[in-house]
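Coordinate inspection notes
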Amino acid sequence: HDFSLVRQPPHGSRARPAPKRDRRVLAATLGVHEHRLRAPGSLFTSRMPRDQLVDVAVDRDTGRRTLVAKRRFEAGEILATDSPLIVWAQNEAGLLKAFQSSDQQETILSLYSPALDRQDEKIDERRKKAAALARTKAFSSLDKDSILKVLLVGDAFAHQFGKQEALYETASALRHDCAPNCRFRSQPDGSIEVTSIRHIPAGETLSFSYIGVPWVLCTSERRKLLRESFEFFCACRRCQAPDVLRSAPCPGCGNFCSLEEPIAPPQGPASIFWHCPVCAKPFDATLHEEQLNLDFKTLSEKVQKASENIRDAYARGKAPPSKVWEVFKDCEDFAWRSAKELGRGNVVVYRATELVVNTARDFSVAKDAFSKQNIETEGDSSADLRRRWVEATIRRVAQQECAAASCSKGGDCFGTEGEHPAVYEAAATVCGCAPVLETRLSALEREAFFDLCAKYRPCIRLMYDSSEEEKARVELLESLLNAADVAEDGEGVGEEKGA
């Protein structure tokens, strides 16, 4: 199947997942609350400890403070640092005790929260909790409105710090975006550091993703996660644009089209249609997608069962049945079929590629383990599985690059004149394939993977820079790149290193 992405010779270069939060109320990014608004574009002085790199503005729709870049930034620049306003044990009583003893009470109460008199089921629950706490001796000095405000702020902006939670003024002003431009990372002393992860022009709002890596989820999936975990309907620029991860072929002309999602929360059941710009006719590919999703789920369960059989066979010191290894071919076949039927830009194809990456990795490691025990296995050799692991990894990275560029080609731009820039979040995928460098590679495989690592070296250094352990991991990767054992063209690539 035409899934190889090995670069041809030229003819003439860990969002970090958002901390887990307990969102008990409507997230602060939903702009539908009634409250007093500041004048559009107005700024106010903030006590946030930072250099003169960002301004603090007030969103005209929500009244929430946001951080705006005062100049252009390149990836890897530190935009702001901040120490926690308060730190507490993970419960309401701990939060209120930390608030009582804090000299930052005014700042904490100034953080954004939904209107205290808003009629909402979950806010009603917090209102009852605040009233109950106000009657206790420990918090009798606080009125119930102050307690409610502190609880709502904690629900919206608390971040885990070890086994405790903390509030940061800077983090409270970082917006969610499905195409984020920043990451923030906790430091050992409890402070946080906000760093740009891609180019940021002057005047752009600083943001990060609440849901981790956003490039492998379609719009409806991202919105569903945000609705369930943070209780708001995302209307960021990416969510309002046609969803390139929901490509489907027009039944009239065969042109691949992207689904246009609603830009506002639908009132009741919403009809979903793809609109072909060539035929100017709508069509519905939902049933086709749903069937392929069911097929993918069945295949994933089959892979899991095969992996269990391999582990059981290894524990008994015997080779697993040959049909177990054939599951990998099923993964490749499904990736090819889903790309043919829905187009390479569809999220089903992205998941199929990830399954190929993981299965090739796990099966190659298993093959090596059996070989060390002098147990012969049938099917593809570990060297051949590693080759397909490299190819699928490159495809996986290329898919994320296309998604980040709002391109519906699903990785086909890689290795062409239209190749997209590196994407910070994809650096984790590149590092995940690094173990192949400790094995014997063909010259063509080495060139392809080395080109990828060279392109992603700045992103890898940026992603793994928070500790000496992570920096050592980067140094190990670079040493492997410099010392990888390479087979000469024409040698038997299937021959194992040291055999």
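Residues numbered from 1 in each chain as written. Predicted model: local features only at pLDDT ≥ 70, side-chain atom pairs only at ≥ 80, totals over all residues. Heavy atoms only, no water.

1. Quick word on the sheet that holds strand E8 (residues 182-186)
- Read across the open sheet, the three strands follow the order E3-E9-E8; overall the sheet is antiparallel. Each edge of the open sheet carries a strand with a single partner, namely strand E3 (78-82) and E8. Going across the sheet, the axis of each strand differs from the next one's by a mean of 20 degrees, ignoring polarity.
- Where E8 meets strand E9 (residues 192-196), five bridges bridge the pair, whose relative direction is antiparallel. Across the sheet, Arg-185 pairs through a bridge with Glu-193, a residue of E9. (Pairing = 2+ DSSP bridges. Helix = DSSP H or I, 4+ residues; strand = E, 2+ residues; numbered from the N terminus. Axes fitted to C-alpha atoms, helices over the stretch in contact; angles between N-to-C directions.)

2. Topic: the packing of aromatic side chains
- Summed over the entire model, instances satisfying the criterion amount to eight aromatic pairs.
- Aromatic side chains Phe-184 and Phe-208 sit 4.9 Å apart centroid to centroid with 85 degrees between the ring planes, which places their arrangement in the edge-to-face category. Here Phe-184 is found in strand E8, whereas its partner Phe-208 is found in strand E10 (residues 207-208), with 24 residues between them in sequence. In this structure, Phe-184 and Phe-208 share a single accessibility class: buried.
- Ring centres of Trp-274 and Phe-283 lie 6.1 Å apart, and the angle between their planes is 20 degrees; on these two criteria the pair is classed as stacked.
- On the basis of relative accessibility, which here comes to 0%, the residue Trp-274 falls in the buried class. (Phe/Tyr/Trp six-rings, centres within 6.5 Å; stacked < 30°, edge-to-face > 60°. Buried < 20%, exposed > 50% of the residue type's maximum accessible area, 1.4 Å probe, protein only.)

3. With respect to the packing of helix H3 (residues 121-134) against helix H4 (residues 144-157)
- The N-to-C vectors of H3 and H4 enclose an angle of 130 degrees; their axes lie 8 Å apart at closest approach. It follows from the interaxial angle that H3 and H4 lie oblique. Crossing angle aside, the handedness with which H3 passes H4 is right-handed. Of the residues in H4, those touching H3 at Arg-126, Arg-127, Lys-129, Ala-130, Ala-131, Leu-133 and Ala-134 are Lys-144, Ile-147, Leu-148, Leu-151, Leu-152 and Asp-155.
- Broken down by class, the residue content of the contact of H3 with H4 amounts to eight nonpolar, no polar and five charged. (Parallel < 35°, antiparallel > 145°, perpendicular 65-115°, else oblique. Left-handed = near helix turned anticlockwise from the far one by under 90°. Contact = heavy atoms within 4.5 Å. Nonpolar A, V, L, I, M, F, W, Y, C, P; charged D, E, K, R; others polar.)

4. Comments concerning the confidence of the model for the protein chain
- Mean pLDDT over the protein chain works out to 82, with 85% of the residues at or above the 70 mark.
- For the stretch residues 488-499, pLDDT sits under 50, and the model shows 17 contacts to residues farther than four places along the chain or on other chains. (pLDDT = per-residue confidence, 0-100.)

5. Some details on the environment of Gln-90
- Residue position: Gln-90 is located in the loop between strand E4 (86-89) and helix H1 (92-100).
- A C-alpha to C-alpha distance of 6.0 Å links Gln-90 and Glu-165, two positions 75 residues apart in sequence.
- Apart from residues no more than four positions distant in its own chain, Gln-90 is found in contact with Gln-160, Gly-162, Lys-163, Gln-164 and Glu-165.

6. Some words on the pairing of strand E6 (residues 164-167)
- In this sheet, E6 lies alongside E4 in antiparallel orientation, the contact comprising four bridges. Its bridge partner being in E6, Val-87 is matched across the sheet by Ala-166.
- Where strand E5 (residues 159-161) meets E6, three bridges bridge the pair, whose relative direction is antiparallel. Note on E6: the bridge partner recorded for His-159 is Ala-166.
- Here E5 hands over to E6 after two residues, with Gly-162 in that stretch at a positive phi of 65 degrees.

7. Remarks on unusual backbone geometry
- Positive phi, normally seen in glycine, also occurs at Ala-280, with a value near 60 degrees.
- Mapped onto the elements of the fold, Ala-280 is located in the loop between strand E13 (274-275) and strand E14 (282-283).
- A positive phi angle, near 60 degrees, is found at Asn-374, a position not held by glycine.
- Structurally, Asn-374 is set in the loop between helix H11 (347-372) and helix H12 (382-404).

8. Focus on the pattern of salt bridges
- Counted by the stated rule, this structure contains 29 salt bridges.
- In this structure, Arg-198 engages Glu-425 in a salt bridge whose closest nitrogen and oxygen atoms are separated by 3.0 Å. Of this pair, Arg-198 sits in the loop between E9 and E10 while Glu-425 sits in the loop between H12 and helix H13 (427-432), and the two are 227 residues apart along the sequence.
- Asp-330 is paired through a salt bridge with Lys-302; the nearest N and O atoms lie 2.8 Å apart. Taken as a pair, Asp-330 in helix H10 (residues 327-342) and Lys-302 in helix H8 (residues 286-316) lie far apart in primary sequence, 28 residues in all.
- Residue Asp-330 is classed as partly exposed on the basis of its relative accessible area of 27%.
- What emerges from the salt-bridge pattern is a single network uniting Glu-332, Asp-380, Asp-384, Arg-387, Arg-388 and Glu-391. (Salt bridge = Lys/Arg side-chain N within 4 Å of Asp/Glu carboxyl O.)

9. Looking at H1
- Buried within H1 are the following residues: Gly-94, Leu-95, Leu-96, Ala-98 and Phe-99.
- For H1, the secondary structure elements touched by its buried residues are E4, helix H2 (105-110), H3 and H4.
- With a side-chain oxygen lying 3.3 Å from the backbone nitrogen of Ala-93, the N-terminal cap of H1 falls on Asn-91. (Polar contact = N/O pair within 3.5 Å; in protein donor to acceptor, adjacent residues only side chain to side chain.)

10. Digging into the side chain of Arg-344
- Turning to its location among the elements, Arg-344 is positioned in the loop between H10 and H11.
- When its relative accessible area of 19% is taken as the criterion, Arg-344 is described as buried.
- Among the polar contacts made by the side chain of Arg-344, one reaches the side chain of Asp-412 at a distance of 2.8 Å.

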